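Below are the chains, spelled out letter by letter.
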Amino acid sequence: MRWDHPEFLFALWLLLPLALLLRFALKRRAKAARRFLDDPMAARLLPLRAPGRGLASAVLVLAGFAFLILAAARPRWGMYFQQVRERGTDVMVLLDVSRSMLSQDVKPSRLERAKSDVRDLLDRVGGDRVGLIAFAGKAVLACPLTTDHGYYKAALEDVGPTTAPRGGTAIGDAIREALRRMERLGDRDQSLLLITDGEDHESFPREAAALAAERDIRIFTVGMGDIHEGARIPVVDEHGNRGFLKHEGKQVWSKLDEGLLEEIALKTGGAYVPARTRDYDLGEVYESHLQTLTAGDAAIDKRKRYRERFQLFLAFGLGCLVIELLMKRYRQRPRVAGVAAALVLLALASPASADPIEDVRKGVRAFENGEFEKANEHFDAAGKNRPDTPEIAFDKAIALQRLGRHDDARAEYLEAAGTRDSALAARARYNLGTLATEEAQAVFGEKPEDAHGETREKGVEALERAIRDYRACLEIAPEHADARHNVELLLLWLKQMRSVWAEKDKQREQDKKDEEKEEDLAAFLKKLVDRQGELRVTTHGLGESPAAEATKAVAEGQEALAEQARELPDRIDKMVAKQAQAMQAQPAAGGGAPAAQADEMKKAADAMKLMAAQAQAALDAVAPALRANDARLAAENQANARAILESLWTALAPFQQVVQSAEKIETSIVDALLDPPATPVLEAEDQVRVVLTALAFPQKIAQAKQQAQMMAATPQQGGGGPGGGQAAQEQAEALQKALAKAEELTPEIQETASEATETLLAGKVDEAKPKAERVRDLLREILKLFPKDPNQQQQKQQNKNDQDQKKDEQQKQDPKQKQDQKDQQKGKMQRPDEVESMLRKAEEREREQKEREKRRARLAAGAGTVERDW
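Computed from a predicted structure; not experimentally measured. (Residues numbered from 1 in each chain as written. Predicted model: local features only at pLDDT ≥ 70, side-chain atom pairs only at ≥ 80, totals over all residues. Heavy atoms only, no water.)

### Thoughts on the confidence of the model for the protein
Per-residue confidence for the protein averages 77 on the pLDDT scale, and 76% of its residues sit at or above 70. At the level of individual helices and strands, the protein shows its lowest average pLDDT in helix 11 (residues 335–348), which scores 36, and its highest in strand 5 (residues 129–135), which scores 92. In this model residues 333–354 is a low-confidence stretch, pLDDT under 50, and it forms 13 contacts with partners more than four residues away in sequence or in other chains. Here residues 588–592 is a poorly scored stretch, pLDDT under 50, and it has three contacts once near neighbours within four places are set aside; other chains count. (pLDDT = per-residue confidence, 0-100. Helix = DSSP H or I, 4+ residues; strand = E, 2+ residues; numbered from the N terminus. Contact = heavy atoms within 4.5 Å.)

Right, here's the structure in full:
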């Protein structure tokens, strides 16, 4: 006889503690029965145990486990001979051990998962020869072709990131090293199994695959890693601190390159296995691909085998356990003996005590049948005859708890808990804990995480009462496992829910603050206009043949802006709703005025939504045009989108802000014309914006006049300090003067801005300069007459005081610090604009491309180092 796994035979020693445990369980069951019932009642209510059946049950359990242990040891006897033909296929495994294989998007890591899969492969290869090459920036032979799988596994265990002497990933070098190590044998099929994440660092893997194809060696590739986001590469520094690999100050993210692996497999007639981050069986890959190759001639040998016999022991073990489950542990109580025992009990009991016992029996039967109301009535009747019996109070409390009468049940449990019987008192305290837990569940409902206020307080109070009752049970009976488990569970649940409630309260408070701080529609539109202007300048700076990365960056920014603009319809609805609420709070005089205003608001909202839809269409068309290298179409859509959004903003913003925006645009035009570009396209677009804004001046002036009249007619409330009413009156007068001046200068602003636009479009920069300066001066003349906001003046004064204090501190600094600050300011003054930065980056990329070509030539010659060593 032989045993395949003799180590399992040591488990037979576990039968001794199992036998002791069975004996302890029998004694504990008998002790628990005596604690539950007194001896007279135990003789009547408990079932009769059959003599010897407890011992027979223990013997069957022990025998069943013994046979199962013997079956697990895999016994064999009965010898026979089997012919074995050793296969003749050579498989060389190329395992990537670069640092990128340490990424943990595949658990526990890409490298450890690959090594585990190779170990599983060894169980399927049979007599084939297998070899191992570990590679990173350089390929190293870890194990030559061999049929000694024990030696192969030992070599595989020693493979790691330090096996290859240089960092990086050189798939081409690994393939060439494998071809060099494999002999040219015409009668044997040879194949390579490449396991990597596909990130090659300029080792010419396609050319190496072509060499393998010339020798009829197939390459099967297995790609490991995430193809979308990738994963960071963990590293440990010299101090033992863990972190992630960085290159040029940024963390490196390693992704699976499936395209390269598919090309290598296709070129050699192999197959690509997209393992990625999922589970896969490398043995199935071997059987479906590698094993189908024509094997070379190999020797045929006869080997001695022993027949498996574990089935007999398994059948005996399961049979013993099934017999033990079917065996009856108790014998049926003779009916005559039960009646005789009842007559003896009635004969011994006094007439006063016979009725309570009968009522208890009826109550127990009614409770077992689910008739809780009838059971309560019987227990109540028994309690009236025996008012000081804690057992009856305990039974009544259980029935009341099932009826949902928790207050009455708690009173009965408390009466039962006052007994001297420690077992009964512990059970009463335990049931009080379950009662309080049920009350807490009823208070919290199905979603306790949403409870707040009084509901949360009542539920927590009930749970804390339950914890106190369970702890009182443990003080009486420390071995009560259920009570201890419930205490730990409730404490853990309370801790978790308090954390959830705190997070919910914090989120609720944050939502409230966000709602209070929500920016209005005009501010949101202004933000969109400014962002579209920045992207328009960037698009203009791309030139006729922009770099792909620069175009991609602008397209992504344009898509983000388009996604943000999708909020416009909802924000318009919110604005209309707020205005409607304000109208309801302060209805206008006259019977039909509120209805007319509501109709006008709806029409205005529909018009704004139509304009928002037009702007959205223009925004959505920019990114596709950029990706198609149609800069002209992209620029047109950008200009249209900004014009529509700016028109919406002009309609909503106060007149003073509209004038300030026009003055800011005109000032930027004048500054740009001082150093004129070759084609003043952007300045012409901005001048058109000023013209459109000036065309809206008459309507905005009329609106501002109405607001000024309402402000002048509104009586000023006290509380603003001495002279508060006079200051308001002065502000109203200043506003009237500014509006009158704006009304006077608007025609000249419109005419001059239009002339400046025509000269710019015609390319006459010198003629456009004085006209743009005139428009700027007229806008500034209007702005000077607008009243100053007291809050802004106060803020300016505060900023002035802060600047004066900063100057005093700078005067106290030493000369070296002053010089450093001057250098920093000088550096800030000399910072290039966005377009020049993009051009500089394009030149840097061109230089990097040339450097990569030089480095590739050096690598082809076998010299040089790898810059990226992951």
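That was the structure; now back to the text.
### So, the packing of aromatic side chains
Between two aromatic rings, the relevant description is the distance of the centres plus the angle of the planes. Overall, the coordinates contain ten aromatic pairs when judged by the stated rule. Both rings, one in Phe-367 and one in Phe-372, keep their centres 5.2 Å apart while their planes meet at 65°; by these two values the pair is edge-to-face. Ring geometry for Phe-444 against Trp-501: centres 5.7 Å apart, planes inclined by 40°, an arrangement best described as tilted. Residue Phe-444 is found in helix 16 (residues 422–444), and its partner Trp-501 is found in helix 18 (residues 481–516); the two are separated by 57 residues along the sequence. Each of the two residues, Phe-444 as well as Trp-501, counts as buried. Among the aromatic residues, ring-to-ring pairing joins Phe-67, Trp-77, Phe-313 and Phe-316 into one connected group. Stacked on the ring of Phe-244, the Lys or Arg Arg-232 has its end atom at 3.9 Å from the ring centre. The cationic tip of Arg-427 hangs over the ring face of Phe-394; the distance from NZ or CZ to the ring centre is 5.6 Å. (Phe/Tyr/Trp six-rings, centres within 6.5 Å; stacked < 30°, edge-to-face > 60°. Buried < 20%, exposed > 50% of the residue type's maximum accessible area, 1.4 Å probe, protein only. Lys NZ or Arg CZ within 6 Å of the ring centre and 35° of its normal.)

### As for helix 24 (residues 655–674)
Relative to the 28 Å expected for 20 residues at 1.5 Å per residue, helix 24 spans 29 Å between its end C-alpha atoms, a close match to the ideal helical length. Within helix 24 the residues assigned to the buried category are Phe-655, Val-658, Val-659, Ser-661, Ala-662, Glu-663, Ile-665, Glu-666, Thr-667, Ile-669, Val-670 and Leu-673. (Expected span 1.5 Å × (residues − 1).)

### Brief notes about a nonpolar patch on the surface
Taken together, the side chains of Val-688, Leu-692 and Leu-695 present a nonpolar region at the surface, about 240 Å² in accessible area. Following the sequence through the fold, Leu-692 ends up in helix 25 (residues 681–695). (Patch = residues over 30% accessible without salt bridge, like charges linked within 9 Å, V, L, I, M, F, W, Y side chains within 5 Å. Areas by Shrake-Rupley, 256 points an atom, 1.4 Å probe, with all protein chains shown as cover. Salt bridge = Lys/Arg side-chain N within 4 Å of Asp/Glu carboxyl O.)

### Quick word on the side chain of Asn-637
The residue Asn-637 is located in helix 23 (residues 631–652) in this model. For Asn-637, a relative accessible area of 13% puts it in the buried group. Not counting residues up to four positions away in its chain, the partners in contact with Asn-637 are Ala-618, Ala-621 and Val-622.

### As for the packing of helix 6 (residues 171–181) against helix 7 (residues 205–214)
The interhelical angle for the contact between helix 6 and helix 7, taken along N-to-C directions, is 20°, at an axis separation of 7 Å. The angle between the axes of helix 6 and helix 7 places the two elements in the roughly parallel class. The hand of the helix 6/helix 7 crossing is left-handed. For the pair formed by helix 6 and helix 7, the contact residues are Ile-171, Gly-172, Ile-175, Arg-176 and Leu-179 on the first element and Pro-205, Ala-208, Ala-209, Leu-211 and Ala-212 on the second. Class assignment of the residues belonging to the contact of helix 6 with helix 7 gives a composition of eight nonpolar, one polar and one charged. (Axes fitted to C-alpha atoms, helices over the stretch in contact; angles between N-to-C directions. Parallel < 35°, antiparallel > 145°, perpendicular 65-115°, else oblique. Left-handed = near helix turned anticlockwise from the far one by under 90°. Nonpolar A, V, L, I, M, F, W, Y, C, P; charged D, E, K, R; others polar.)

### Observations regarding the nonpolar core
Counting residues in each nonpolar core, the largest one holds 58 residues, and the members touching the most others are Leu-568, Phe-655, Phe-697 and Ile-749. Grouped together as the second largest cluster of nonpolar side chains are 32 residues, Val-118, Leu-122, Cys-143 and Val-273 included. (Core = buried A, V, L, I, M, F, W, Y, C linked by side-chain atoms within 4.5 Å.)

### Comments concerning helix 28 (residues 765–785)
Between its terminal C-alpha atoms helix 28 stretches 31 Å, which fits the 30 Å expected from 21 residues at 1.5 Å a residue. For helix 28, every residue scored as buried is listed here: Val-765, Ala-768, Ala-772, Val-775, Arg-776, Leu-778, Leu-779, Ile-782 and Leu-783. All buried residues of helix 28 lie within an arc of 160° about the axis, which places them on one face of the element. The exposed residues of helix 28 that point more than 90 degrees off its buried face are Asp-766 and Lys-784. (Arc of directions from axis to C-beta.)

### Overview of the sheet that holds strand 6 (residues 139–146)
The six strands lie next to each other as 6-5-4-7-8-15, forming an open sheet whose pairing is mixed. The open sheet has two free edges, formed respectively by strand 6 and strand 15 (272–276), since each of these has just one partner strand. The sheet shows a mean angle of 15° between the axes of neighbouring strands, taken without regard to direction. Both strand 7 (residues 190–196) and strand 8 (residues 218–224) contribute to a ladder of six bridges, which runs parallel. Residue pairing in the sheet places Thr-196 in a bridge with Gly-223 of strand 8. The sheet contacts of helix 8 (residues 258–268) involve strand 7, strand 8 and strand 15, and relative to strand 8 the element is tilted by about 165°. (Pairing = 2+ DSSP bridges.)

### Quick notes on the pattern of salt bridges
Per the counting criterion, the structure on display carries 48 salt bridges. Notably, a salt bridge pairs Asp-380 with Lys-396, separated by 3.0 Å at the nearest N-O pair. With a gap of 16 residues between them, Asp-380 in helix 13 (residues 372–385) and Lys-396 in helix 14 (residues 390–402) connect regions that are remote in the sequence. Here Glu-748 makes a salt bridge to Arg-774, at a shortest N to O gap of 2.9 Å. Here the residue Glu-748 occupies a position in helix 27 (residues 724–761), and Arg-774 occupies one in helix 28, the gap between them amounting to 26 residues. On the basis of relative accessibility, which here comes to 31%, the residue Glu-748 falls in the partly exposed class. When salt bridges with common partners are traced through the structure, they connect Arg-536, Arg-642, Glu-646, Glu-685, Asp-686 and Arg-689 into a single cluster.

### Digging into the side chain of Gln-616
One can find Gln-616 in helix 22 (residues 593–627). Exposure remark for Gln-616: the relative accessible area of 11% places this residue in the buried category.

### Considerations on unusual backbone geometry
In this structure, Pro-108 follows Lys-107 across a cis peptide bond, with omega equal to -5°. Of note in this structure, Phe-204 is not a glycine but carries a positive phi near 55°. Of note, Phe-204 is situated in the loop between strand 7 and helix 7. Positive phi, normally seen in glycine, also occurs at Asn-629, with a value near 60°.

### Comments concerning the packing of helix 3 (residues 53–72) against helix 10 (residues 310–326)
For the pair helix 3 and helix 10, the least separation of the axes is 7 Å and the interaxial angle reads 160°. Taken as axis vectors, helix 3 and helix 10 run roughly antiparallel relative to one another. Two packed elements cross with a definite hand, and for helix 3 against helix 10 that hand is left-handed. Across from Ser-57, Leu-60, Val-61, Ala-63, Gly-64, Phe-65, Phe-67, Leu-68, Leu-70 and Ala-71 in helix 3, the residues of helix 10 making contact are Phe-310, Phe-313, Leu-314, Phe-316, Gly-317, Leu-318, Cys-320, Leu-321, Ile-323 and Glu-324.

### A word on the environment of Leu-739
Mapped onto the fold, Leu-739 is located in helix 27. The exposure class of Leu-739 is buried, given its relative accessible area of 0%. In this structure, the C-alpha to C-alpha distance between Leu-739 and Phe-786, residues 47 residues apart in sequence, is 8.2 Å. What Leu-739 contacts, discounting residues up to four positions off in sequence, is Phe-655, Ile-701, Ala-704 and Lys-705.

### A look at the pairing of strand 7
Two faces belong to every sheet, and in a regular strand the side chains alternate between them. When you tally the buried positions in strand 7, you get seven out of seven residues, the bulk of the element. Across the two faces of strand 7 the burial is the same, with Gln-190, Leu-192, Leu-194 and Thr-196 and Ser-191, Leu-193 and Ile-195 all buried. When strand 4 (residues 90–96) meets strand 7, the two strands line up parallel, connected through six bridges. Its bridge partner being in strand 7, Met-92 is matched across the sheet by Leu-192. Handedness of the crossover is the feature at issue here: the chain leaves strand 7, passes through helix 7, returns alongside strand 8, and the resulting connection is right-handed. (Right-handed = clockwise from strand over helix to strand, strands pointing away.)

### What about the pairing of strand 6?
In this structure, strand 5 lies alongside strand 6, joined through five bridges in antiparallel fashion. Its bridge partner lying in strand 6, Leu-132 is registered against Cys-143. From the end of strand 5 to the start of strand 6, which pair antiparallel, there are three residues.

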